[in-house]
Each structure stands twice: as C-alpha cells, then as structure tokens.
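Residues per chain are reported as follows:
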Number of protein chains: 2
Amino acid sequence: MADDRPDLAAMVGRFGRTLMAAERPILAAHHVSMWGYVVLTALADEPMRTQAALARAIGADKTRIIADLDDLQERGLIEREPDPADRRVRLLRLTPEGRRVHTAVRRAIRAEEERLLAELPPADRRTFLRALQHLDPGTP
Amino acid sequence: MADDRPDLAAMVGRFGRTLMAAERPILAAHHVSMWGYVVLTALADEPMRTQAALARAIGADKTRIIADLDDLQERGLIEREPDPADRRVRLLRLTPEGRRVHTAVRRAIRAEEERLLAELPPADRRTFLRALQHLDPGTP
DNA sequence: GCGGATCGTAAGCGCATGCATATGATTGAG
DNA sequence: CTCAATCATATGCATGCGCTTACGATCCGC
C-alpha cells in the first residue's frame, strides 16, 4: 500500500538535524554561534551596506542579529563602520581575522560533511550534491 | 578559494523549510497538525502499546504529544484503549477513519513532493531519493 | 507484600524565534 | 523647510520546544 519510503520532509528534516548536531561542536570549538557563522559566510561572499540588507540576505529578523553582530564586532571578526555618505548606515565587512576564522570553520565543517557523505558511492555523492543544489531555493 | 557551493546544512535546511512550507497548507486542509500527521504515520505502520513508545519512535517528548493524541482521539482518528493486561497502558491504534485520513494526507503530500522533485531529471531524482534514504538516520 | 520501576498527565522553566512597536538619528523628495 | 521613509536599536509578547519535576495509578521482581 505504501511507497515504502518515509516522507521526503521527514528524511530531509532528520538529515538536517544530523548535520546541525555534527556542526554544533565545530562552531563551539571556534566560539562562533550558528547565526554568527551564517553572518560570516554572508559577509565572506560580499560586504553589506546595511544590517537590514544582511538580515534579508540570510533570512533572519532584522533585530534578531544585532546581538550576534555586537559579539562578532567586539571580537574583531567584523567591522561596522558608519557610512560617511549616509550616517544612518553601518558598512559591514569581515576583518582579516574574521576571514581567517570563517575559512577555518568552513574547512572543518566541510570535512565533517565529507565524513557523513562518505557512506555514499562517489557517483551517488556527486549526483546527490548536484540535485540538492538544484532543489535549494538559495537566498532570494 | 571556495568549493563554490553553499554548506550542506544550509542547503538541506532551506530545502527542508521549503518542504515544510509546502506541506503546511495540505495538513491544514485536512485539519491535522504536523505532529498529528507524524503520529498517524507512525501508527499506520504499526499500532503502539504505549504513548512513551510512540514518543520514542517519532522522536518527540513523551509529554509533548499528549495534547495531539487528545485531539486525534476526540476526532475519532485514533483509539486509546486501556490495556486490560496492564492498566497503566493505553493501546494506540488508528481507527478506519484515521487510516482514511492518513492515506489521503499522505497521497497529497506525496503529490506535492513529486511536484518539487519534478525539476530533477528522472535518473537524478531516483539517485537523490536513494542517497537520502541511505543518509537518513531513521528513527532509532 | 514491599519497593523500585513504568505509565500517563499536568505544570513550570529556559531558550530561540517571529512579530510588533517605539524611538532617535538621518536622509531625501516635494 | 517639512514630512515621510529608512536605518539601527531596544523592548515586549506570544509561540513552540526540550527538559525537568511532581503526582497518582499500576506493575513486577524479590
């Protein structure tokens, strides 16, 4: 009677939670929160002109990330320079140290992902990642 | 410098949220909550002897699902019969109506999944599902 | 039989989240 | 110049969740 597989959402959800659980210790080891890492990743791609734009880009609440930004700035991982042309705005960018940390964390996370994906035959692994990229709605 | 793909967790997470968002209206149309559907799915596979066992099986808190069970029972979708052999225990099973509702919701969700997966070439689609089943930790 | 274990239920705590509102600085359009 | 809009920030509220504790009923091993 059944298709004999769990619902897609159930499988994706569980796998997602597995990934999160695997990443938590890595982030903790680098003293970066989940949102902190997301922020570093977004700023590693490109600096942002406003916090509101950053929040939109990463799908977070505008007020939600303030504390994380405070923390990252305090620890010298990002800069929040007031825009001389528009003094309402804070120009956001990584510091060299921020880039270093982001690269390190990213490398560790990638290694962990490889470990989890190692169960798959290489061909399946490639197809899986390609399919996932195609299904990923990105951050629009 | 980069592998030029988002982190696995980011892609899986976003896709998962897309799936959830797509399922919410379906569940609402059948007046079933997310947890309610999970419960129906678990009981569709096999009846349970205790609520604690059910909670373990679906990865929920034992106290968490009581309200959902109350609701499902009240609407005649599940039965919670006291075990004559052990009066602490409630035997849980679907009613015929419960099975009917679960089948209907499941069919609708599967159709929605197909719609989302339709973007993939059939071969990729098969490989993707196979890989996902392999990576899915299941419910141990 | 007694004591420890299990079950269902209720209640409360702490946390993260989404959502809304307020406010103070600043800009830009009319 | 004035007013609406934008931005960063602080604050409050409701929600949902995991976790813990408490309680009474019941079972089971000794």
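Higher on the page you've got the structure.
What you see is a predicted model, and the numbers here were worked out from it, not measured in a lab. (Residues numbered from 1 in each chain as written. Chains lettered and ligands numbered in written order. Predicted model: local features only at pLDDT ≥ 70, side-chain atom pairs only at ≥ 80, totals over all residues. Heavy atoms only, no water.)

Regarding the protein's contact with DNA strand D
Taken together, 17 residues sit near DNA strand D, with A:Gln51, A:Ala52, A:Arg88, B:Arg64 and B:Asp86 positioned nearest. Looking at DNA strand D alone, sugar and phosphate atoms form 64% of those within 4 Å of the protein. A:Arg80 places a polar side-chain atom, nitrogen or oxygen, 3.0 Å from a phosphate oxygen of DNA strand D. One nitrogen or oxygen atom from the side chain of B:Trp35 is found 3.1 Å from a phosphate oxygen belonging to DNA strand D. Among the residues making up the surface near DNA strand D, the classes are represented as four nonpolar, four polar and nine charged. (Near = heavy atom within 4 Å. Polar contact = N/O pair within 3.5 Å; in protein donor to acceptor, adjacent residues only side chain to side chain. Nonpolar A, V, L, I, M, F, W, Y, C, P; charged D, E, K, R; others polar.)

Side note on the packing of aromatic side chains
Tallied over the entire structure, the rule returns three aromatic pairs over all chains. Both rings, one in A:Phe15 and one in A:Phe128, keep their centres 6.2 Å apart while their planes meet at 65 degrees; by these two values the pair is edge-to-face. Residue A:Phe15 is found in helix α1 (residues 8–29), and its partner A:Phe128 is found in helix α6 (residues 122–135); the two are separated by 113 residues along the sequence. Judged by centre distance (5.4 Å) and plane angle (15 degrees), the rings of A:Phe128 and B:Phe128 are stacked. Of the two residues, A:Phe128 sits in helix α6 while B:Phe128 sits in helix α6 (residues 122–135), which places them in two different chains. Take B:Phe128: its relative accessible area is 1%, and that puts it in the buried class. Aromatic rings pair up to connect A:Phe15, A:Phe128, B:Phe15 and B:Phe128 into one cluster. (Phe/Tyr/Trp six-rings, centres within 6.5 Å; stacked < 30°, edge-to-face > 60°. Helix = DSSP H or I, 4+ residues; strand = E, 2+ residues; numbered from the N terminus. Buried < 20%, exposed > 50% of the residue type's maximum accessible area, 1.4 Å probe, protein only.)

A short note on the interface of chain B and chain A
Counting residues at the interface gives 41 residues for chain B and 41 residues for chain A. The contact between chain B and chain A buries some 4,100 Å² in all, and 63% of this surface belongs to carbon and sulfur atoms. Counting the surface chain B buries against chain A, the share from its top three residues, B:Arg5, B:Leu8 and B:Leu135, is 16%. Notably, a salt bridge pairs A:Arg130 with B:Asp124, separated by 2.6 Å at the nearest N-O pair. Inspection of the region where chain B meets chain A yields 14 residue pairs in polar contact (both at pLDDT 80 or more). Residue assignment for the side of chain B that touches chain A shows that the elements contributing at least two residues are α1 (8–29), α2 (34–45), α5 (96–117) and α6 of chain B. Here the residues of the side of chain B that touches chain A sort into 19 nonpolar, eight polar and 14 charged. (Contact = heavy atoms within 4.5 Å. Buried area = accessible area lost by both parts, 1.4 Å probe. Salt bridge = Lys/Arg side-chain N within 4 Å of Asp/Glu carboxyl O.)

Some remarks on the relation of the copies chain B and chain A
Superposing chain B onto chain A requires a rotation of 180 degrees together with a translation of 0.1 Å along the rotation axis, leaving an RMSD of 0.1 Å. The superposition operator between the copies reduces to a two-fold rotation axis. Across chain B, the rotation axis passes nearest the C-alpha of B:Phe128, at a separation of 2.5 Å. A share of 100% of the interface residues of chain B reappears at the interface of chain A, consistent with the copies meeting face to face through the same patch. (Least-squares fit on C-alpha atoms with pLDDT ≥ 70 in both.)

A word on the protein's contact with DNA strand C
Neighbouring DNA strand C are 16 residues; A:Trp35, A:Arg64, B:Gln51, B:Ala52 and B:Arg88 lie closest to it. Here the atoms of DNA strand C within 4 Å of the protein split so that 63% fall in sugar or phosphate, with bases taking the remainder. The backbone of B:Ala52 places a nitrogen or oxygen atom 2.9 Å from a phosphate oxygen of DNA strand C. Within the side chain of B:Arg88, one N or O atom sits 2.7 Å away from a base oxygen of DNA strand C. Looking at side-chain class alone, the surface near DNA strand C contains three nonpolar, four polar and nine charged residues.

So, the pattern of salt bridges
Evaluated as defined, the whole model comprises 30 salt bridges over all chains. Between A:Arg5 and B:Glu113 there is a salt bridge, with the nearest N and O atoms lying 3.2 Å from each other. In this pair, A:Arg5 is assigned in the segment before α1 and B:Glu113 in helix α5, connecting two distinct chains. B:Glu113 matches A:Arg5 in its accessibility class, with the two residues each being buried. For A:Arg14, the salt bridge is made with B:Asp136, and the minimal N-O distance between the two is 2.8 Å. Of this pair, A:Arg14 sits in helix α1 while B:Asp136 sits in the segment after α6, placing the two residues on different chains. By the burial criterion, A:Arg14 is buried, and B:Asp136 matches it. Through salt bridges that share partners, A:Arg5, B:Glu113, B:Glu114 and B:Arg125 make up one connected network.

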